[in-house]
Amino acid sequence: SIIGKANMDLTYQKRTPDKRILSADVTYVLQPSEVPLVLSVCTEDHPGLINFKISLARLGYEYLILGRGEKWGGWKWRTAKYLNILANCTERIVVLSDATDVMFVEPPSELVRKFRKMKVPIVMGGERGLCTGKFKYDLSARKEMVNIYKKRDSFAYRFPNAGLIIGYTTPLLRLLSMNTEAVDDQAGFVSLHRDTPSLFKIDSETKLFANIVQDAPLFETNNEVDERNMWKVELKLDITIATQKAGEWLSSTSFVGTRRLRLRNLETGNSPCILHFPGGNWESYNEIGSLLLGPIHQKIELVGKE
């Protein structure tokens, strides 16, 4: 599916602008009809996995669940799982996604359109807080990293979240190969991006991904917000009978027809294609899941953080 080859000498080759992907060491021109492959790792049965697969199938995504029936081996183990598939994958767009707390709400064509428009090889989801790996407890390292990221990006969703990543096969192989020794893969990506921002773009404007956390990050007084208040629920239906007050998470809503749900971020103004509820945010997950999937939504009864 690749037209053109890696451009390793950094010389620029003129391409049609809307088909060009240029990074520091590789230029790709891919077929415009490329359909993304979704890769995820989930070892055990979980009601969230059912919702995840339904949300993918109803929109026509191609996906592969890795690690079924195996013992969870940590983030380094997950990285190795991804690398093994990517090393044997043809050049294409790939999404690396968490499973049990993720739902897809837009079709592949819309995700690909938005991703191509960014004209970068890799985009990673962004979240408000930096609370991963050593940055949870090492406050001096946390403060230093927060200041670096704040200087780079004016949007609040500026910190990498490894639960949602989209990119082309070869750049993803390169990025994950650089992160194989990170015990916490997300903390590893934070450090990699600090040193080399061109490795990937953070979706700080929530164009592709939403990361709706359960709790405000510790020690970040400027981030002490209820994340749910930052999103507006929008329903688009074949037959629309719905009411929704601007700025409210949920209101009295009734509808018939095919469910098409979007969340619009009130800060960025964008509606992402994929929703992620990290930090055990099952309350919001269940609210949105029941609207999106209706009675087939599998409610998560677990509480607290997993």
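So, here is what we can say about the structure in this document. (Residues numbered from 1 in each chain as written. Predicted model: local features only at pLDDT ≥ 70, side-chain atom pairs only at ≥ 80, totals over all residues. Heavy atoms only, no water.)

**Looking at the overall build of the protein**
Looking only at helices and strands, the protein features seven helices and 14 strands. The buried share among the 306 residues of the protein stands at 53%. Within the protein, residue pairs in contact and separated by at least 24 positions form 75% of the contacts whose partners lie at least 6 positions apart. Roughly 14000 Å² of accessible area belongs to the protein as shown, and the carbon and sulfur atoms make up 52% of that amount. (Helix = DSSP H or I, 4+ residues; strand = E, 2+ residues; numbered from the N terminus. Buried < 20%, exposed > 50% of the residue type's maximum accessible area, 1.4 Å probe, protein only. Contact = heavy atoms within 4.5 Å. Areas by Shrake-Rupley, 256 points an atom, 1.4 Å probe, with all protein chains shown as cover.)

**A few points about the sheet that holds strand β6 (residues 93-97)**
In spatial order, the strands read β5-β4-β6-β9-β8-β10; together these six strands make up an open sheet with mixed pairing. Taken across any chain shown, the strands that pair with only one partner, and hence form the sheet edges, are β5 (62-66) and β10 (201-203). Each strand of the sheet is rotated relative to its neighbour by a mean of 25 degrees, with strand direction disregarded. The sheet contact formed by strand β4 (residues 37-41) and β6 spans three bridges and is parallel. Of the residues in β6, the one forming a bridge with Val-38 is Val-95. Along the sheet, helix α6 (residues 185-195) makes contact with β8 (122-127), β9 (159-168) and β10, crossing β9 at roughly 80 degrees. (Pairing = 2+ DSSP bridges. Axes fitted to C-alpha atoms, helices over the stretch in contact; angles between N-to-C directions.)

**Describing the sheet that holds strand β14 (residues 274-276)**
Reading across the sheet, the three strands line up as β7-β14-β11 and stay open at both edges, with mixed pairing between neighbours. Only two strands of the sheet have a single neighbouring strand rather than two, namely β7 (102-104) and β11 (209-211). Within the sheet, the average angular offset between the axes of one strand and its neighbour, ignoring direction, is 15 degrees. Here β7 pairs with β14 via three bridges, running antiparallel. Looking at the pairing, Phe-104 lines up with Ile-274 of β14.

**Quick look at the environment of Val-146**
Here Val-146 is to be found in helix α4 (residues 139-152). Overall, Val-146 belongs to the buried group, its relative accessible area being 4%. Distance from Val-146 to Arg-158, taken between C-alpha atoms, is 9.3 Å for residues twelve residues apart in sequence.

**So, the pairing of β8**
Regular strands place side chains that alternate from one sheet face to the opposite one. Most of β8 sits inside the fold, with six of its six residues counted as buried. Both β8 and β9 contribute to a ladder of six bridges, which runs antiparallel. Paired with Met-124 across the two strands is Ile-165, which belongs to β9.

**Quick word on the layout of surface pockets**
Of the voids in this model, the second largest pocket is the one considered here, and its volume is about 190 Å³. Along its surface, the second largest pocket is lined by Glu-110, Arg-113, Lys-114, Lys-117, Met-118, Lys-207, Asn-270 and Ser-271. Class assignment of the residues belonging to the lining of the second largest pocket gives a composition of one nonpolar, two polar and five charged. (1 Å grid on protein atoms, 1.4 Å probe; cavity = no way out; pocket = protein on both sides within 12 Å on 5 of 7 lines; lining within 4 Å. Points joined across faces, edges and corners; volume = space filled by probe spheres on them. Nonpolar A, V, L, I, M, F, W, Y, C, P; charged D, E, K, R; others polar.)

**Looking at the side chain of Asp-185**
In this structure, Asp-185 sits in helix α6. A relative accessible area of 6% means that Asp-185 is categorised as buried. In contact with Asp-185, not counting residues within four places along its chain, are Trp-75, Arg-78, Thr-79, Ala-162 and Asn-179.

**Brief notes about the packing of helix α2 (residues 75-86) against helix α5 (residues 169-177)**
Taken N-terminus to C-terminus, the directions of α2 and α5 make an angle of 150 degrees; their axes are 10 Å apart at the nearest point. For the element pair α2 / α5, the angle class is roughly antiparallel. When the axes of α2 and α5 are compared, the crossing they make is left-handed. Facing Thr-79, Tyr-82, Leu-83 and Leu-86 of α2, the residues of α5 in contact are Thr-169, Leu-172, Leu-173, Leu-176 and Ser-177. Of the residues belonging to the contact of α2 with α5, the class tally is six nonpolar, three polar and no charged. (Parallel < 35°, antiparallel > 145°, perpendicular 65-115°, else oblique. Left-handed = near helix turned anticlockwise from the far one by under 90°.)

**Let's talk about the side chain of Gln-186**
Relative to the helices and strands, Gln-186 is located in helix α6. In terms of polar contacts, Gln-186 uses its side chain to reach the backbone carbonyl oxygen of Pro-160, at 3.4 Å. Dropping the residues within four chain positions of it, Gln-186 is found in contact with Glu-127, Thr-132, Pro-160, Asn-161, Ala-162 and Gly-163. (Polar contact = N/O pair within 3.5 Å; in protein donor to acceptor, adjacent residues only side chain to side chain.)

**Regarding empty space enclosed by the protein**
In this approach, a probe sized like a water molecule rolls over the atoms, and the result shows the empty space that is left. Counting across every chain of the model gives two cavities of 30 Å³ or more. Roughly 60 Å³ of internal volume is contained in the largest cavity. Lining the largest cavity are Arg-78, Thr-79, Tyr-82, Leu-96, Ala-162, Ile-165, Leu-176, Asp-185 and Phe-189. At the level of secondary structure, the elements contributing two or more residues to the lining of the largest cavity comprise α2, β9 and α6. Of the residues forming the lining of the largest cavity, the biggest block, three residues, is contributed by α2. Tallied by class, residues from the lining of the largest cavity come to six nonpolar, one polar and two charged.

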